[in-house]
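The lines below spell out each chain.
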Amino acid sequence: MPNENRPISKVKVNISGEDYCIKGAASQEYIKKVAKHVDDEMYKLSQTYPNLSRTRIAVLAAINITDELFRLREEYEEFLSTFDSDDTKD
């Protein structure tokens, strides 16, 4: 198990007006940063779509964040393939 020696952080965060106790192997600062990103995305969506339920806002936030992740992964793969292409030219 890769994380068995890492201490478990326990952090109270607030996302969209609700408190959550998050436990994880990451630092407290990192967990807070991730929670803030989710909270910011949900806040932005709730301002744009004020009539949507919290559940729908959460699903849209998850979709937007996942889209961001997939796009960054794709860019990263393109970046790596550019380096691989340059290495084969020598």
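These figures come from a predicted structure and were not determined experimentally.

Structural notes on the pairing of strand β1 (residues 9-15)
Two faces belong to every sheet, and in a regular strand the side chains alternate between them. Here β1 shows a buried face lined by Ser9, Val11, Val13 and Ile15 and an unburied face lined by Lys10, Lys12 and Asn14. For β1 and strand β2 (residues 18-24), the ladder comprises 7 bridges, and the chain directions are antiparallel. Among the inter-strand pairings, asparagine 14 is bridged to a residue of β2, identified as aspartate 19.

Considerations on the pattern of salt bridges
Per the stated rule, a full pass over the model turns up 5 salt bridges. In this structure, the salt-bridge partner of lysine 12 is aspartate 19, at a minimum N-O distance of 3.7 Å. For aspartate 40, the salt bridge goes to lysine 36, with nearest N and O atoms at 3.0 Å. Remark: lysine 36 and aspartate 40 occur in helix α1 (residues 28-48); sequence separation between them is 4 residues, near one turn of the helix.

Observations regarding the nonpolar core
Counting residues in each nonpolar core, the largest one holds 9 residues, listed as Val11, Val13, Ile15, Ile31, Ala35, Met42, Leu45, Ile57 and Ala61. Elements with a minimum of two residues in this core: β1, α1 and α2 (54-89). The element best represented in this core is α1, accounting for 4 residues. If near-sequence neighbours (up to four positions away) are discounted, valine 13 is found in contact with Glu18, Asp19, Tyr20, Ile22, Lys32 and Ala35.

Scoring rules and cut-offs
Residues numbered from 1 in each chain as written. Predicted model: local features only at pLDDT ≥ 70, side-chain atom pairs only at ≥ 80, totals over all residues. Heavy atoms only, no water. Buried < 20%, exposed > 50% of the residue type's maximum accessible area, 1.4 Å probe, protein only. Helix = DSSP H or I, 4+ residues; strand = E, 2+ residues; numbered from the N terminus. Pairing = 2+ DSSP bridges. Salt bridge = Lys/Arg side-chain N within 4 Å of Asp/Glu carboxyl O. Core = buried A, V, L, I, M, F, W, Y, C linked by side-chain atoms within 4.5 Å. Contact = heavy atoms within 4.5 Å.

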